[in-house]
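Structural overview
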Amino acid sequence: MSQALAADGVRVRAPGKLNLFFEVGGVQDDGYHDVASAYQAVSLYEDVWASPSDEFTVAVSGTVDLSGVPADDRNLAIRAARLVAQRIGHTGGVHLDIVKHVPVAGGMGGGSADAAAALVACDALWGAELGPAELHKLAARLGADVPFALMGGTAVGTGRGDELSRALAKGRFDWVVVPSGTGLSTPEVYRHLDELRARHVINAAGRAPAVDPTVLQALRAGDPVALAEHTRNDLQVAALSLRPDLREILELGEESGALTGLVSGSGPTLAFLTVDAESALELQITLSAAGYEALHVHGPVAGARVVP
Ligand code: ATP
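Computed from a predicted model, the values in this text were never measured in an experiment. (Residues numbered from 1 in each chain as written. Predicted model: local features only at pLDDT ≥ 70, side-chain atom pairs only at ≥ 80, totals over all residues. Heavy atoms only, no water.)

Attention shifts here to the environment of glutamate 23. Here glutamate 23 shows up in strand β1 (residues 10–27). Here the alpha-carbon distance between glutamate 23 and serine 53, two residues 30 residues apart in the chain, equals 42 Å. Of note is the side chain of glutamate 23, whose polar atom sits 3.3 Å from the side chain of arginine 232. (Helix = DSSP H or I, 4+ residues; strand = E, 2+ residues; numbered from the N terminus. Polar contact = N/O pair within 3.5 Å; in protein donor to acceptor, adjacent residues only side chain to side chain.)

Once that is clear, we can look at the nonpolar core. By size, the foremost hydrophobic cluster in this structure holds 39 residues, and its most contacted members are Val94, Leu96, Leu119, Trp126 and Leu150. The element best represented in this core is helix α3 (residues 110–125), accounting for eleven residues. (Core = buried A, V, L, I, M, F, W, Y, C linked by side-chain atoms within 4.5 Å. Buried < 20%, exposed > 50% of the residue type's maximum accessible area, 1.4 Å probe, protein only.)

Let us now look at the sheet that holds strand β11 (residues 295–299). Pairing is antiparallel in the open sheet, where four strands are placed in the order β9-β10-β7-β11. Both outer strands of the open sheet, β9 (260–263) and β11, are each paired with one neighbouring strand and no more. Across the sheet, the axes of successive neighbouring strands diverge by a mean angle of 30°, strand direction being ignored. Pairing of β9 with strand β10 (residues 270–274), which is carried by four bridges, proceeds in the antiparallel orientation. Among the inter-strand pairings, glycine 261 is bridged to a residue of β10, identified as phenylalanine 272. (Pairing = 2+ DSSP bridges. Axes fitted to C-alpha atoms, helices over the stretch in contact; angles between N-to-C directions.)

Time to look at the pairing of strand β3 (residues 56–62). In the sheet, β3 pairs with strand β4 (residues 93–100) via seven bridges, with the strands oriented parallel. The partner of valine 58 across the bridge, within β4, is leucine 96.

For the rest of this paragraph, the subject is a nonpolar patch on the surface. Among the surface-exposed residues, Val225, Leu259 and Val275 lie close enough to one another that they form a single nonpolar patch of about 210 Å² accessible area. The residue valine 275 is located in the loop between β10 and α11 (277–289) in this model. (Patch = residues over 30% accessible without salt bridge, like charges linked within 9 Å, V, L, I, M, F, W, Y side chains within 5 Å. Areas by Shrake-Rupley, 256 points an atom, 1.4 Å probe, with all protein chains shown as cover. Salt bridge = Lys/Arg side-chain N within 4 Å of Asp/Glu carboxyl O.)

In the neighbourhood of the ligand, 20 residues make up the surrounding shell, with Ala105, Gly109, Gly111, Asp114 and Thr186 lying closest. A distance of 2.7 Å separates an oxygen atom of the ligand from a polar backbone atom of glycine 109. Against a free-state accessible area of 610 Å², the protein chains account for coverage of 78% of the ligand. Counting residues per element, the shell around the ligand draws most heavily on α3, at four residues. Among the residues forming the shell around the ligand, the class breakdown is seven nonpolar, nine polar and four charged. (Near = heavy atom within 4 Å. Nonpolar A, V, L, I, M, F, W, Y, C, P; charged D, E, K, R; others polar.)

What follows concerns the side chain of serine 266. Here serine 266 shows up in the loop between β9 and β10. Residue serine 266 is classed as buried on the basis of its relative accessible area, which comes to 5%. A polar contact of 3.0 Å, which involves the side chain of serine 266, links it to the side chain of threonine 186. If sequence neighbours within four positions are ignored, serine 266 has contacts with Gly107, Leu184, Thr186, Val189, Leu235 and Ala239. (Contact = heavy atoms within 4.5 Å.)

A rise of 1.5 Å per residue sets the reference length of helix α4 (residues 131–142), with its twelve residues, at 16 Å; its end C-alpha atoms lie 17 Å apart and thus fit the reference within 8%. Of all the positions in α4, only Glu134, Leu135, Leu138, Ala139 and Leu142 are classed as buried. Down the axis of α4, the sector holding all buried residues measures 140°, keeping them to one side. Along α4, exposed side chains directed more than 90 degrees from the buried face belong to Ala133, Lys137 and Arg141. Where the residues of α4 are buried, they touch α2 (76–88), α3 and α5 (146–151). (Expected span 1.5 Å × (residues − 1). Arc of directions from axis to C-beta.)

A cluster of acidic side chains, namely Glu248, Glu251, Glu254 and Glu255, defines a negative patch on the protein surface. With respect to the secondary-structure elements, glutamate 254 resides in helix α10 (residues 246–255). (Lys, Arg positive; Asp, Glu negative; His and termini not counted. Charge placed at Lys NZ, Arg CZ, Asp CG, Glu CD.)

What follows concerns the packing of aromatic side chains. The tally for this structure, following the rule as stated, stands at one aromatic pair. Ring centres of tyrosine 39 and phenylalanine 148 lie 4.6 Å apart, and the angle between their planes is 10°; on these two criteria the pair is classed as stacked. Of this pair, tyrosine 39 sits in strand β2 (residues 33–53) while phenylalanine 148 sits in helix α5, placing them 109 residues apart in sequence. (Phe/Tyr/Trp six-rings, centres within 6.5 Å; stacked < 30°, edge-to-face > 60°.)

In structure tokens form, the structure reads like this:
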């Protein structure tokens, strides 16, 4: 985008994500877990408008419960904006208007999407032209899921989840997402998983985490039935132990036509994979009739992009 066009403001759209596969290894010396994740960006978006300002300010609105979203310097989008300013020596500030559609603390990376959107928006607003590699570096400093929100599509993440490589995915995959009320804190879910493993309730894999090749094969083939057989989320056992009520919804979804249901990331959002758009619509209707909020989304979709 030219600087003249950017002068009044820039709008960027960034997607939420689902983890189709998530293996959690041991805790590393830095306190983080080594993970292997297959991410897919889905059509539930965050919109961020960036406009010129002397200060760094943020306003948050949207269709989801916004309690818990900080409207100050703790907001991940403001931290992203400050990082770009610092990197290029920008002396002013920016005002960010965030419109959220991704459930907060839901395991779908909404805050990470806001941060990725703010990186792209500030880059365009200030004419920085940092380029994908530099934006990726800044993203990785903000959080493990931020680089994927920049990249979008389908990808494998290793390390903390931020060492990304693109995965080929044919066609589209239809999902029904059930947000499930009050969020779960990601650190709390990891802590609970560690406790369960320490008590030998479940065992950690004895090798470095890796995405099951059959998952990548199913994605390449555009085959939701094969994908459903191999999805997995190591955080699910901990999330379900903290929120046992989710089991009932998982069972209902699986009995009502979903190929499989899984907890998204650290939860509590549930994601049901369906065979096509029509069955997703039917499942959405069944779950809504049972009193649950259910959203039909599809993936893969693009990462954080300026909206002309
Ligand atoms: P992840 O799985 O990446 O940890 P999540 O999808 O479970 O994240 P988010 O909605 O990204 O959850 O937010 C987690 C926490 O981050 C929130 O509870 C909130 O305190 C904080 N936060 C900071 N900035 C934002 C933002 N822009 N939007 C939402 N939450 C934010």
